[in-house]
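# Fold and contact review
Chain by chain, the residues run as shown.
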Amino acid sequence: MNRVKRFFSRVSKKDVWMVFTAILTLLAVSFGVWSYAAVPGFTPLDSAYSAVRLFTFSVDLPAHQAVPWQLELARWLAMFVVISNVIWVLAVKLRHHLRMFMLKLPFRKSHYIITGLTDEVSVLAAEIKKRRIVIIAGRDAPDQDVERLRAAGCIVIHKGTDEAGVFQQAGILRAKGVFVMDQEDHNNVESVLRINRLLLNEKNRSKDSPSPLTCYVHLNEGQYKRVIDEVWAEQGKNEKPLLDIRVFNHFENSARCLFDQMPLYRGQDLSKKAGYHLVVLGFGKTGRSVLLEAVRRSHFSSHKKLNVTVVDRESDQRKAELDVICPELKKACEINFINMDVYTPEFYRYINRISESITYIAVCFDNDHLDFVSASFLTELVSHAPLAVRMSSASDFAGWLEQNKNKYESVCYFGTLEEAAAYGRITGKENEETAIELHDAYENLKQDLNEGGKITSWKKLDRFRKESNIAQADHLDTKLAVLGLEKIKKESLSDFSSVVTSEEFERRLAPVFRDLVIMEHNRWNAFHFADGWKTRNADLSPKDTDRKEHVCLVSWDELRKVEEKQKRNGNEYADYRAYDEIYIKQMYDLLKKAGYELIPLS
């Protein structure tokens, strides 16, 4: 049965139609030959010839002779085959133009627009193929790729996003959402600005404001986020925003997937005050994203900075690039850049020398062969540490790992196109779910505690605050692991006997309360440092968003002095340490309100 299902899943509509018409053609010819064979004077060849002439709507019978039922059936079958195939050919040839016309109908609002023609675009288009998709492929897109996507059911516009009227042609005013996914960041930012201008012009022309359009934009470099934030800020001034902009990054998505699947503390005793040593091989976009995500999550009860060793043939240049992006990242971790080629004996001697201190390895080269070869050697050299291997797709190696996971329990793969470009990852549904639930629970809890203030919905938060909440939610599992607990959705729980009560939670929390508070402050610091923020002079105002400076980006012990200086300068709300303490105290209530239960860590 499974084989049958797999077979039919690979059969296209075109294949089904060809088989169907072939059967009807065979039936028409068979019945035609049968009927003509009974006519006096017709040889077998005459019967076959006249049966074929049925497809020209001709019947070779004397005028006075009645048409037998076999011939009646045959000629109607032949007519159906001819007319239906003409319609099919016209539909195939004109389908693109018909679908483009349908986009202009005012009552239609059911399609998505994707800009660019990358491998990630193909993965995303394949996942949401049941929805209507319009791809603005770019003028340089290969013709064979354009035709392949059209054959798959997508509407493809073979133009660049900078060409006049291309977004109107794609039906931007009636789209459900836009995925801006060109390879170059500046092209993506330009597309967002054009879409924003289009919506503003439409609003000025029309009495009714168009409904908000969700725009997912891919950015590799954080510097471009400032432009997006400015556009978002302008939208926030409107009573009814026109554009809901959400930034994503395939490489960051891969890093998040990795640490969700195999945390940094995998195989470690969190009750010990030991440090953690991460080795990153290859420091391209994937390696850098893995490092920054590790810095955001690597805060444990030891309060020791994460020790990171980066191995790359161009480590000096990579280090310089990182220093520009995150000038004070060294305050959150210790990074050692090693200029070395993994294809040399020197590299393996080096790894062998530091192997005992390594707690986690991430192989992040942009080459599957190099990733595989490096991982093969490292599984023997550093068998005690988790090993993550970047793979561009769920290849045979990935399948082999799945089949041999008992033997290679500490090895996992990450970074596949299917994973990073998944609809749920790009739209944030997988990333944001817990963060949204915790944010809503926190806002409701403030009302329950009579703290007053207006409830701020998740949609009203700017990009930075959303990302901050997501990072806080990501670290929640680490804090719970320190308590020997894990969270689980209430509806997923079958045995409630193991649910931890509030009294049990308080008992577990008491001896490590201060550790968790410091962990949360260190995590908050690291999130800002990884986004390029710097420590601000405590004698100045608390923060400068434009300059990316904040007075609280100091150690926990220094925070008291910052509070004192701020209060002397008239800032009566400078009880910064209390924010971290309140969050840790309210973790249990927040999780309950968000629909989670706590159970002992399995």
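Residues numbered from 1 in each chain as written. Predicted model: local features only at pLDDT ≥ 70, side-chain atom pairs only at ≥ 80, totals over all residues. Heavy atoms only, no water.

Right, let's get into the overall build of the protein. Along the protein, the regular secondary structure elements total 25 helices and 17 strands. For the protein, with 602 residues in total, the buried portion stands at 48%. Taking all contacts inside the protein whose residues are at least 6 apart in sequence as the whole, residues at least 24 apart take part in 71%. Surface exposure of the protein reaches about 31,500 Å², of which carbon and sulfur atoms provide 53%. (Helix = DSSP H or I, 4+ residues; strand = E, 2+ residues; numbered from the N terminus. Buried < 20%, exposed > 50% of the residue type's maximum accessible area, 1.4 Å probe, protein only. Contact = heavy atoms within 4.5 Å. Areas by Shrake-Rupley, 256 points an atom, 1.4 Å probe, with all protein chains shown as cover.)

Topologically, R463 is positioned in helix α19 (residues 463–474). Taking the relative accessible area as the measure of exposure, R463 reaches 11% and is therefore buried. Among the polar contacts listed, one links the side chain of R463 to the side chain of D229, at a separation of 2.8 Å. (Polar contact = N/O pair within 3.5 Å; in protein donor to acceptor, adjacent residues only side chain to side chain.)

The next point concerns the packing of α19 against helix α22 (residues 513–530). The N-to-C vectors of α19 and α22 enclose an angle of 140 degrees; their axes lie 11 Å apart at closest approach. On the basis of the axis angle, α19 is oblique to α22. Read as a crossing pair, α19 and α22 show a hand that is right-handed. Contacts between α19 and α22 involve F464, E467, S468, A471 and Q472 from the former and E520, R523, F527 and H528 from the latter. A class-by-class count of the residues in the contact of α19 with α22 yields three nonpolar, three polar and three charged. (Axes fitted to C-alpha atoms, helices over the stretch in contact; angles between N-to-C directions. Parallel < 35°, antiparallel > 145°, perpendicular 65-115°, else oblique. Left-handed = near helix turned anticlockwise from the far one by under 90°. Nonpolar A, V, L, I, M, F, W, Y, C, P; charged D, E, K, R; others polar.)

Grouped together as the largest cluster of nonpolar side chains are 79 residues, with contacts concentrated most on L329, F505 and L516. Of the residues forming this core, the biggest block, eight residues, is contributed by α22. Contacts of L329, omitting those with residues within four sequence positions, involve L291, L292, V295, L322, I335, F529 and A530. Membership of the second largest hydrophobic core comes to 26 residues, among which are V166, I228, L243 and I245. (Core = buried A, V, L, I, M, F, W, Y, C linked by side-chain atoms within 4.5 Å.)

This paragraph deals with the sheet that holds strand β1 (residues 111–115). The six strands lie next to each other as β3-β2-β1-β4-β5-β6, forming an open sheet whose pairing is parallel. What marks the edges here is a single partner per strand, and that holds for β3 (155–157) and β6 (243–248). The average angle at which neighbouring strand axes cross in this sheet is 20 degrees, direction not considered. Examined bridge by bridge, β1 and strand β4 (residues 175–180) share five bridges and lie parallel to one another. When the bridges of β4 are listed, Y112 appears paired with G177. (Pairing = 2+ DSSP bridges.)

Right, let's get into the side chain of S355. Assignment of secondary structure puts S355 in the loop between α13 (345–354) and β10 (360–363). A relative accessible area of 11% means that S355 is categorised as buried. A distance of 3.1 Å separates the side chain of S355 from the backbone oxygen of N352, its partner in a polar contact. Those residues in contact with S355 that lie beyond four places of it in its chain are L381, V382 and H384.

Glancing now at unusual backbone geometry. In terms of backbone geometry, most residues other than glycine have negative phi values and most peptide bonds are trans. Backbone geometry at H303 places phi at a positive 60 degrees, although glycine is not the residue there. Locating H303 in the fold gives a position in the loop between α11 (285–297) and β8 (306–312). On the accessibility criterion, H303 (30% relative accessible area) is partly exposed.

Another aspect to go through is the pattern of salt bridges. A complete count under the given rule lists 40 salt bridges for this structure. A salt bridge links K225 to E467; the shortest N-O distance between them is 3.9 Å. Residue K225 is found in helix α9 (residues 225–236), and its partner E467 is found in helix α19; the two are separated by 242 residues along the sequence. Exposure class is identical for K225 and E467. Each is buried. Linking E467 and R463 is a salt bridge whose minimum nitrogen-to-oxygen distance equals 2.9 Å. Taken together, the positions of E467 and R463, both in helix α19 and four residues apart, correspond to about one turn of that helix. (Salt bridge = Lys/Arg side-chain N within 4 Å of Asp/Glu carboxyl O.)

With respect to topology, three strands assemble into an open sheet ordered β14-β16-β15, the strand pairing being mixed. The open sheet has two edge strands, β14 (534–535) and β15 (543–544), and neither has a second partner. Bridge count for β14 against strand β16 (residues 549–550) is two bridges, and the pairing is parallel. Looking at the pairing, T535 lines up with H550 of β16.

Attention shifts here to the confidence of the model for the protein. For residues with low pLDDT, the predicted coordinates do not support detailed interpretation. Confidence along the protein averages 85 in pLDDT terms, with 89% of residues attaining 70 or more. A low-confidence stretch, residues 1–9 stays under pLDDT 50, and its non-local contacts, those more than four residues away or across chains, total zero contacts. (pLDDT = per-residue confidence, 0-100.)

The subject of this paragraph is the environment of L54. Relative to the helices and strands, L54 is located in the loop between α3 (44–53) and α4 (69–103). Note: C-alpha distance between L54 and A28 (26 residues apart in sequence) is 8.3 Å. The residues contacting L54, other than those within four sequence positions of it, are A28, G32, Y36, V59, L71, A74, R75 and A78.

Once that is clear, we can look at the packing of helix α23 (residues 556–568) against helix α24 (residues 576–585). The geometry of α23 relative to α24 is characterised by a closest axis approach of 8 Å and an angle of 130 degrees between their N-to-C directions. In terms of axis orientation, α23 runs oblique to α24. Across the interface between the two elements, W556, L559, R560, V562, E563 and Q566 from α23 touch Y576, R577, D580 and E581 from α24.

Time to look at the pairing of strand β9 (residues 333–339). As paired elements, β8 and β9 share seven bridges and run parallel to each other. Paired with D312 across the two strands is N339, which belongs to β9. Taking the sense of rotation as the criterion, the β-α-β connection linking β8, helix α12 (residues 315–325) and β9 turns out right-handed. (Right-handed = clockwise from strand over helix to strand, strands pointing away.)

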